[in-house]
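# Coordinates in review
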Amino acid sequence: MKIIKTLLLGLALAFSHSMYSQTKFVENLDKLTKEKREAYLQSLAREVIGNIAPGYFLSEGNVEITEPVKYVFSDPGTIKDQGRYYYTIRQSYDKSKIMFERPWSFELNIWVDTGEPESIMLGNGMRIIFHGDAATYSEVLKKGRKLKFQ
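Procedures and definitions
Residues numbered from 1 in each chain as written. Predicted model: local features only at pLDDT ≥ 70, side-chain atom pairs only at ≥ 80, totals over all residues. Heavy atoms only, no water. Helix = DSSP H or I, 4+ residues; strand = E, 2+ residues; numbered from the N terminus. Buried < 20%, exposed > 50% of the residue type's maximum accessible area, 1.4 Å probe, protein only. Contact = heavy atoms within 4.5 Å. Areas by Shrake-Rupley, 256 points an atom, 1.4 Å probe, with all protein chains shown as cover. Phe/Tyr/Trp six-rings, centres within 6.5 Å; stacked < 30°, edge-to-face > 60°. Core = buried A, V, L, I, M, F, W, Y, C linked by side-chain atoms within 4.5 Å. pLDDT = per-residue confidence, 0-100. Pairing = 2+ DSSP bridges.

### Some remarks on the overall build of the chain
In terms of helices and strands, the chain carries 3 helices and 6 strands. Ordering the α and β elements of the chain from the N terminus gives α-α-β-β-β-β-β-β-α. Split into buried and exposed, the 150 residues of the chain put 35% on the buried side. Counting only contacts in the chain whose residues sit at least 6 apart along the sequence, the fraction spanning at least 24 positions is 50%. Accessible surface, the chain: about 9600 Å² in total, of which carbon and sulfur atoms supply 56%.

### Some details on the packing of aromatic side chains
The geometry of an aromatic ring pair is captured by two quantities: the separation of the ring centres and the angle between the planes. Inspection of the entire model under this criterion finds 7 aromatic pairs. A ring pair is formed by Phe57 and Phe106, whose centres lie 5.4 Å apart and whose planes are at 25°; its orientation type is stacked. On the criterion of sequence distance, the pair formed by Phe57 in the loop between α2 (34-52) and β1 (63-65) and Phe106 in strand β4 (residues 106-111) is long-range, its members being 49 residues apart. When sorted by exposure, Phe57 lands in the same class as Phe106, which is buried. On the basis of an interplanar angle of 85° and a centroid distance of 6.2 Å, the ring pair of Tyr86 and Trp111 is categorised as edge-to-face. You can see Tyr86 sitting in strand β3 (residues 85-91) and its partner Trp111 sitting in strand β4, a full 25 residues away along the chain. Overall, Tyr86 belongs to the buried group, its relative accessible area being 9%. Classification of Trp111 by relative accessible area gives buried; the value is 3%.

### Some thoughts on the nonpolar core
In this structure, Ile52, Phe106, Leu108 and Ile120 are the most contacted members of the largest nonpolar core, which totals 28 residues. Apart from residues no more than four positions distant in its own chain, Ile120 is found in contact with Val48, Ile49, Ile52, Glu107, Leu108, Met126, Arg127, Ile128 and Phe130.

### Section: the side chain of Ser105
Here Ser105 lies in the loop between β3 and β4. Residue Ser105 is classed as buried on the basis of its relative accessible area, which comes to 0%. Beyond its immediate stretch of four places on either side in the chain, Ser105 contacts Tyr56, Leu58, Gln91, Tyr93, Phe100, Leu122 and Gly123.

### Some thoughts on the confidence of the model for the chain
Chain-level statistics for the chain give a pLDDT mean of 79 and a share of 76% at 70 or above. Segment residues 4-22: pLDDT under 50, and 3 contacts once partners within four positions in sequence are set aside and those in other chains are kept.

### A closer look at the pairing of β4
Among the 6 residues that make up β4, 6 are buried, leaving the element largely enclosed by the rest of the structure. Of the two faces of β4, the one holding Phe106, Leu108 and Ile110 and the one holding Glu107, Asn109 and Trp111 are both buried throughout. As judged from the 6 bridges shared by β3 and β4, these two strands associate in the antiparallel manner. For Arg90, the partnering residue across the bridge sits in β4 and is Glu107. Where β4 and strand β5 (residues 117-122) come together, 5 bridges link them in antiparallel fashion. Of the residues in β5, the one forming a bridge with Asn109 is Ser119. Following β4, the chain reverses through 5 residues before pairing antiparallel with β5; Gly115 in that reversal takes a positive phi of roughly 75°.

Dropping the structure here:
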């Protein structure tokens with residue numbers, strides 16, 4: 001009987017985790033105070049990187065949040081996003097302990113108007129896009145895709 005209870009508890013926890021990982025995004029980040037916005041962006045970065053590329057959000061390293069930047073790429077699949085703004089979150093790392101191709105372990109762009117991830121650029125140079133013709137962050141999570149730390 002104890003084994004059955006343990007199995008049921010494990011299933012319940014696994015199900016609740018999959019429900020919890022569907023983030024409710026904050027709309028219009030500019031309406032938040034600077035402190036709340038930065039706390040939200042750091043928390044979201046930890047979640048997104050943890051869900052998509054565990055191992056790239058390092059326990060050590062400074063997290064930097066930029067001022068909003070205007071989206072200006074001309075890829076035909078992203079025309080509808082022209083003129084939108086996004087925040088960039090980057091994490092530096094100790095180059096004496098690990099080395100990436102980039103000067104940060106990750107760079108995550110978050111849309112200002114929806115609070116949703118726009119893209120991730122990992123320290124190894126891999127870019128994951130969550131808009132335009134690509135799958136959204138929520139769609140990627142539903143498929144259970146994760147990258148291995150390399």
